[in-house]
Amino acid sequence: MKMLPTVISNLFNKAATRNYPFFVRDPFVTARGELINDIDRCIFCGSCSRKCPSQCLEVTKEGTMGTWKLEFFACVGCGVCVDSCPVNCLSQKPTHRAVAVVRETIVMTGKLPEKPAKKTAAAPAEQ
Ligand code: SF4
Ligand code: SF4
């Protein structure tokens, strides 16, 4: 009998839970989801991979090309890499990547930025 008021109010009030997966809550705007790299802006400095607490990023350089690899199954979505990127080419979507059954690594390649030409010493003025 003590629970009767609660039972009656629950019959007429809005449900406190959602019928997932038929009703999915919209993500919060600041939610940290899927990691995205705008590879054309990446300078392959390796800052993201050095700071990643999960060690799921690898940045390598060979010749004029750079490679950025993400082991996304190991990524915890902390956003440390996004904060450490000096050119802001990393971002996170508010939603998560779709569930997958095959373990994959995301591999992106791009051109390394050109090094500025070395300054040549000015010739001493003739006297
Ligand atoms: S920190 Fe940014 S610029 Fe540097 S390698 Fe990572 S994604 Fe590229
Ligand atoms: S979001 Fe965190 S765990 Fe994922 S790659 Fe970036 S630093 Fe690593």
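Residues numbered from 1 in each chain as written. Chains lettered and ligands numbered in written order. Predicted model: local features only at pLDDT ≥ 70, side-chain atom pairs only at ≥ 80, totals over all residues. Heavy atoms only, no water.

Visitor: Mind showing me how you'd approach the overall build of the protein chain here?
Guide: In terms of helices and strands, the protein chain carries three helices and five strands. When the helices and strands of the protein chain are placed in sequence order, the string is α-β-α-β-β-α-β-β. Its C-alpha atoms give the protein chain a radius of gyration of 25 Å, clearly above 14 Å, the size a compact globule of 127 residues would have. If one aligns the C-alpha atoms of the protein chain with their principal axes, the spans along those axes are about 110 × 40 × 20 Å. The proportion of buried residues among the 127 residues of the protein chain is 23%. Intrachain contacts of the protein chain at a sequence separation of at least 6 include 73% that bridge at least 24 residues. Summed over all atoms, the accessible surface of the protein chain reaches about 10,600 Å², with 57% contributed by carbon and sulfur. Positive and negative side-chain charges in the protein chain, numbering 17 and 11 respectively, have mean positions lying 9 Å apart. (Helix = DSSP H or I, 4+ residues; strand = E, 2+ residues; numbered from the N terminus. Rg over C-alpha atoms; globule rule 2.2 N^0.38 Å. Buried < 20%, exposed > 50% of the residue type's maximum accessible area, 1.4 Å probe, protein only. Contact = heavy atoms within 4.5 Å. Areas by Shrake-Rupley, 256 points an atom, 1.4 Å probe, with all protein chains shown as cover. Lys, Arg positive; Asp, Glu negative; His and termini not counted. Charge placed at Lys NZ, Arg CZ, Asp CG, Glu CD.)

Visitor: Explain the environment of valine 24 to me, please; I cannot follow it from the model alone.
Guide: By the secondary structure assignment, valine 24 is in the loop between helix H1 (4-12) and strand S1 (35-37). Relative accessible area serves as the criterion here: at 55%, valine 24 is assigned to the exposed category. C-alpha separation for the pair valine 24 and leucine 35, spaced eleven residues apart in sequence, amounts to 21 Å.

Visitor: Teacher, can you tell me more about the site of ligand 2 here?
Guide: The local shell around ligand 2 holds 13 residues, among which Cys52, Cys75, Cys78, Gly79 and Cys81 are the closest. Among the residues making up the shell around ligand 2, the classes are represented as ten nonpolar, three polar and no charged. (Near = heavy atom within 4 Å. Nonpolar A, V, L, I, M, F, W, Y, C, P; charged D, E, K, R; others polar.)

Visitor: Looking at this structure, how should I read the site of ligand 1?
Guide: Not every one of the 14 residues close to ligand 1 is listed here, only the nearest: Cys42, Cys45, Gly46, Cys48 and Cys85. Within the shell around ligand 1, the residues separate by chemical class into eleven nonpolar, three polar and no charged.

Visitor: So what exactly am I meant to see when it comes to the packing of aromatic side chains here?
Guide: Each aromatic ring pair is specified by the distance between its two centres and by the angle formed by the two planes. Tallying each qualifying case throughout the model produces one aromatic pair. Sitting above the plane of the phenylalanine 72 ring, arginine 97 keeps its charged end 4.3 Å from the centroid. (Phe/Tyr/Trp six-rings, centres within 6.5 Å; stacked < 30°, edge-to-face > 60°. Lys NZ or Arg CZ within 6 Å of the ring centre and 35° of its normal.)

Visitor: What is the right way to look at the nonpolar core in this model?
Guide: Soluble globular proteins tend to bury their nonpolar side chains together. In terms of nonpolar packing, the biggest core is built from 18 residues, with Trp68 and Leu90 touching the most fellow members. Elements that contribute at least two residues to this core include exactly strand S2 (57-62), strand S3 (65-70) and helix H3 (80-84). Beyond its immediate stretch of four places on either side in the chain, tryptophan 68 contacts Leu35, Asn37, Ile39, Phe44, Cys48, Leu57, Glu58, Val59, Leu90, Ile106, Val107 and Met108. (Core = buried A, V, L, I, M, F, W, Y, C linked by side-chain atoms within 4.5 Å.)

Visitor: Sorry if this is basic, but what is going on with the sheet that holds strand S5 (residues 106-111) here?
Guide: Sheets are built from strands that pair by backbone hydrogen bonding, the pairs being arranged parallel or antiparallel. Pairing is antiparallel in the open sheet, where three strands are placed in the order S2-S3-S5. Across the chains shown, the open sheet's two edge strands, defined by having one partner strand only, are S2 and S5. For this sheet, the mean angle separating the axes of adjacent strands, direction not counted, is 15°. Where S2 lies against S3, six bridges are found, and the strand directions are antiparallel. When the bridges of S3 are listed, glutamate 62 appears paired with methionine 65. (Pairing = 2+ DSSP bridges. Axes fitted to C-alpha atoms, helices over the stretch in contact; angles between N-to-C directions.)

Geometry only, nothing functional implied.
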